[in-house]
Amino acid sequence: MDPRARPFRSVLYIPGSKDRALDKARGLPVDAIIFDLEDAVAVEEKPAARTLLAETLKAGGYGSRFRIVRVNGFDTPWGRDDVAAIAGAGADAVLLPKVETTAQLDDLAAAIPDVPLWAMMETPKGILNAEALAAHPRLEGFVMGTNDLAKELGCRFRPDRLALTASLTHCLLAARAHGIVAVDGVYNAFKDEAGLKAECEQGRDLGFDGKTLIHPAQIAIANAAFAPTEAEIDLARRQIAAFEEAERAGQGVAVVDGRIVENLHIVTARETLAKAAAIAELEAV
Ligand SMILES: CC(C)(COP(=O)(O)OP(=O)(O)OC[C@H]1O[C@@H](n2cnc3c(N)ncnc32)[C@H](O)[C@@H]1OP(=O)(O)O)[C@@H](O)C(=O)NCCC(=O)NCCSC(=O)C[C@H](O)C(=O)O
Ligand SMILES: [Mg+2]
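Given the structure is predicted, the values throughout are model-derived calculations rather than measurements.

Conventions used here
- Residues numbered from 1 in each chain as written.
- Chains lettered and ligands numbered in written order.
- Predicted model: local features only at pLDDT ≥ 70, side-chain atom pairs only at ≥ 80, totals over all residues.
- Heavy atoms only, no water.
- UniProt positions renumbered as here; feature names shortened; annotations may be inferred.
- Helix = DSSP H or I, 4+ residues; strand = E, 2+ residues; numbered from the N terminus.
- Buried < 20%, exposed > 50% of the residue type's maximum accessible area, 1.4 Å probe, protein only.
- Contact = heavy atoms within 4.5 Å.
- Pairing = 2+ DSSP bridges.
- Axes fitted to C-alpha atoms, helices over the stretch in contact; angles between N-to-C directions.
- Disulfide = S-S within 2.5 Å.
- Polar contact = N/O pair within 3.5 Å; in protein donor to acceptor, adjacent residues only side chain to side chain.
- Near = heavy atom within 4 Å.
- Areas by Shrake-Rupley, 256 points an atom, 1.4 Å probe, with all protein chains shown as cover.

Concerning the UniProt feature "domain: HpcH/HpaI aldolase/citrate lyase" (unreviewed entry) in the protein
Thinking step 1. Sites flagged by UniProt as "domain: HpcH/HpaI aldolase/citrate lyase" (unreviewed entry) map to residues 9–216.
Thinking step 2. Annotated as 40% helix and 19% strand, the span residues 9–216 places its first and last C-alpha atoms 13 Å apart.

This is how it looks when you write it as structure tokens:
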């Protein structure tokens, strides 16, 4: 199945140690959840968080929300036990942090045979290997880790994300070349709605499927930014109608709003309508 057939507009991190937040997420309007056992969980809490998360996933109640578990790396004392604990618990995907090589994905794939793999893209080596990682047969999604990446690059955070843009677009190219999902990094200032909106718009303009989030207050902004607008849906419908009419008249090109429409634009128009339909279906559940 095409991993991009479902929406990933809003992907909320929840620390695996926070019982109240884990429960609250059962009612939040997110497309996906990253249940985190890595950086959001303190070292002394890791074993208890792992047990709590396995029990929480088995208890269910997350409806159609896509459930991703971020485990610790296999070069830490916790990674392999995390994977063993969540195997069979009902996760839709397992997310490995700081992925740099396909050998790391092979290791994870062997440890959890039946669950799709996702990769955090957040180190210079990982970004440079994006194409090989995206081509891994078990990999279905990239999540940009812009905090770790900024730390590794030694760059400054700027509203236009100048220093990160090359990495973001490089990973997008790899993801699109291999048909996997690509979700943008987090916006740390979770009370700054205008800043989040601008960064979501930038991510959408670049081509990301959605944005990772750290707080429930960020969900509505991401859901709106990564959904087709009414104007885009209306244009898509008019382009399809005009092109079909042109074809009936033996033409290969139509004109809508003063712009040419060819079959490649119809592919995009159909994708826009399919995305809108998938969102409507998800929201109806
Ligand atoms: C950022 C926070 C620490 C803020 O927490 P808090 O002060 O408790 O927020 P509020 O009081 O405003 O919370 C209001 C209610 O919302 C619930 N809540 C808060 N956050 C979440 C959440 N993420 N998911 C679900 N529910 C949440 C609270 O429980 C309150 O509920 P109630 O009591 O019923 O009213 C906190 O938001 C937080 O911990 N966020 C997640 C941080 C995180 O996961 N960080 C790791 C991922 S980021 C990263 O590592 C990216 C990558 O690797 C990189 O390198 O860039
Ligand atoms: Mg990180």
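Following the structure, the description resumes.
Side note on the environment of Gly 252
Thinking step 1. Along the polypeptide, Gly 252 turns up in the loop between helix H11 (230–248) and strand S9 (254–256).
Thinking step 2. A residue is classified by how much of its surface remains accessible, and Gly 252, at 46% relative accessible area, is partly exposed.
Thinking step 3. Between the alpha carbons of Gly 252 and Asn 263 there is a distance of 7.7 Å; along the sequence they are 11 residues apart.
Thinking step 4. Sequence-distant contacts of Gly 252, that is, excluding residues within four places in its chain, are made with Phe 243, Val 261 and Glu 262.

What about the sheet that holds strand S5 (residues 117–121)?
Thinking step 1. Around the barrel, which closes on itself, the eight strands sit in the order S1-S2-S3-S4-S5-S6-S7-S8 with parallel pairing between neighbours. Sheet twist, expressed as the average angle between the axes of neighbouring strands with direction ignored, equals 25°.
Thinking step 2. Taken together, the three bridges between strand S1 (residues 10–15) and strand S8 (residues 210–213) define a ladder with parallel strand orientation. Among the inter-strand pairings, Val 11 is bridged to a residue of S8, identified as Thr 212.
Thinking step 3. This element, helix H8 (residues 165–177), spans S5, strand S6 (139–144) and strand S7 (181–184) of the sheet and lies at about 170° to S6.

What about helix H7 (residues 146–153)?
Thinking step 1. If you check which residues of H7 are buried, you get Thr 146, Asp 148, Leu 149 and Ala 150.
Thinking step 2. Positive phi appears at Gly 154, one or two residues downstream of H7, with a value of about 70°.

Remarks on the state of the cysteines
Thinking step 1. Within this structure, the stated rule accounts for zero disulfides.
Thinking step 2. No disulfide involves Cys 171; its sulfur sits 14 Å from the nearest other cysteine sulfur, which is in Cys 155.

Examining the side chain of Thr 212
Thinking step 1. By the secondary structure assignment, Thr 212 is in strand S8.
Thinking step 2. At 2.7 Å, the side chain of Thr 212 and the backbone oxygen of Asp 184 are in polar contact.
Thinking step 3. Here the side chain of Thr 212 touches Gly 185 through a polar contact of 3.5 Å, landing on its backbone oxygen.
Thinking step 4. Setting aside residues up to four positions removed in sequence, Thr 212 forms contacts with Val 11, Tyr 13, Ile 34, Val 143, Met 144, Val 183, Asp 184, Gly 185, Val 186 and Tyr 187.

Looking at the site of ligand 1
Thinking step 1. Around ligand 1 sit 21 residues, and of these Arg 20, Arg 70, Asn 147, Ile 214 and His 215 come closest.
Thinking step 2. Lys 18 is positioned with one of its side-chain polar atoms (N or O) 3.1 Å from an oxygen atom of ligand 1.
Thinking step 3. Here an oxygen atom of ligand 1 sits 2.8 Å away from a polar atom, N or O, in the main chain of Asn 147.
Thinking step 4. The protein chains hide 69% of the 1,000 Å² of surface that ligand 1 would expose on its own.
Thinking step 5. Among the elements of the structure, S1, helix H1 (19–24) and H7 are those that each provide at least two residues to the shell around ligand 1.
Thinking step 6. The element that contributes the greatest number of residues to the shell around ligand 1 is S1, accounting for four residues.

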